[in-house]
Amino acid sequence: MNPTFDTVLLTERRRRALAQGVHGADFLMNRAADDLGERMATVERRFPTAATVFCTTNAAARMLRASGKVDHVIRVEADAAFLGDDDTVVAEPETVPLEPASLDLAVSLLALQDVNDVPGLLIQIRRALRPDGLFLGALAGQGTLSELRDSLLAAETEIYGGASPRVSPFVDVRDAGALLQRAGFALPVADVETVTVRYDDMFALLRDLRAMGATNILTDRARRPVSKRFFLRAAEIYAGRYADPDGRIRATFAFVWLSGWAPHASQQKPLKPGSAAMSLAEILGRTED
């Protein structure tokens, strides 16, 4: 099966974005890290060893240390350029070269949406966790950049009579929960948080995406150059459909949050079919009485 995403191109673009160092370009990652901190605050447990997996920046690792619940943090990244002086591991994209049962906590922020084999990567993360270890992740989900997708599609269809994929497909929250189950996690939970960011125009949004290294990495992306007219028309459609009364446009980012535990005998398990002490008919009979 051909890969959906060009992971080599993704690493190159993120490396270039990091080198350019546009101030504020990491605002979505910082937002996800803040959310991570809030979620960590609800977990009544210490984690001796944690790893952040392909988070690109040190925001997740910094938040884990600030939580006061993690003793040691390992950063796993696809390129040495993303790493600092932390305890670090450079890994091939979509691989987790950590010893089995070596982690108490694994975190992945805004990376899984660009992975070709999400179940495979989740399985590797689960194997790296000790029994009853926790995985927390956030990825861009369905609804992300829906306004941009719609505007580009409409403009390209109008001008060229057809369209090529320009915005990545994003997972639905229900499908994300199913991926955790498929990867063997216990007690899987998935929820979504939607963030709306406003821009002066579509070109300001595109500049932010470029500064994040978050431009089109689809293997089926069009290679032919497009005209200035195409982008101007897309910006016009965007403003016509998704502008607020003050003229600024909206851009949606949907964060799908995942949590799951490496299986352990002490964890709560659903009752087996037929194991209930009372049948539904008996309960209903009592209610009628």
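It should be noted that the structure appears before, not after, this text.
All of these numbers come straight from a predicted model, not from anything done at the bench.

Draft legend 1. Fine view of the nonpolar core. Counting residues in hydrophobic clusters, the biggest one holds 52 residues, and the most contacted among them are L105, L109 and L148. Leaving out residues up to four positions away in the same chain, L148 has contacts with V167, M202, L205, L206, L209 and Y238. Within the second largest apolar cluster, 30 residues are counted, among which are V76, L122, V171 and F185.

Draft legend 2. Looking closely at unusual backbone geometry. Its identity is not glycine, yet A101 carries a phi of approximately 55°, on the positive side. The partly exposed category is assigned to A101, whose relative accessible area is 36%. At L187, a position not held by glycine, the phi torsion is positive, near 50°. Mapping L187 onto the fold places it in strand β6 (residues 186–199). Judged by its relative accessible area of 41%, L187 is partly exposed.

Draft legend 3. Broad picture of the pairing of strand β5 (residues 129–140). Here β5 lies mainly inside the structure; 10 of its 12 residues are buried. As judged from the 6 bridges shared by strand β4 (residues 103–109) and β5, these two strands associate in the parallel manner. For L103, the partnering residue across the bridge sits in β5 and is L129. Viewed along the sheet, the connection from β4 through helix α4 (residues 118–128) into β5 turns out right-handed. Examined bridge by bridge, β5 and strand β7 (residues 249–261) share 7 bridges and lie antiparallel to one another.

Conventions used here
Residues numbered from 1 in each chain as written. Predicted model: local features only at pLDDT ≥ 70, side-chain atom pairs only at ≥ 80, totals over all residues. Heavy atoms only, no water. Core = buried A, V, L, I, M, F, W, Y, C linked by side-chain atoms within 4.5 Å. Buried < 20%, exposed > 50% of the residue type's maximum accessible area, 1.4 Å probe, protein only. Contact = heavy atoms within 4.5 Å. Helix = DSSP H or I, 4+ residues; strand = E, 2+ residues; numbered from the N terminus. Pairing = 2+ DSSP bridges. Right-handed = clockwise from strand over helix to strand, strands pointing away.

Just geometry here; none of it tells us what the structure is for.
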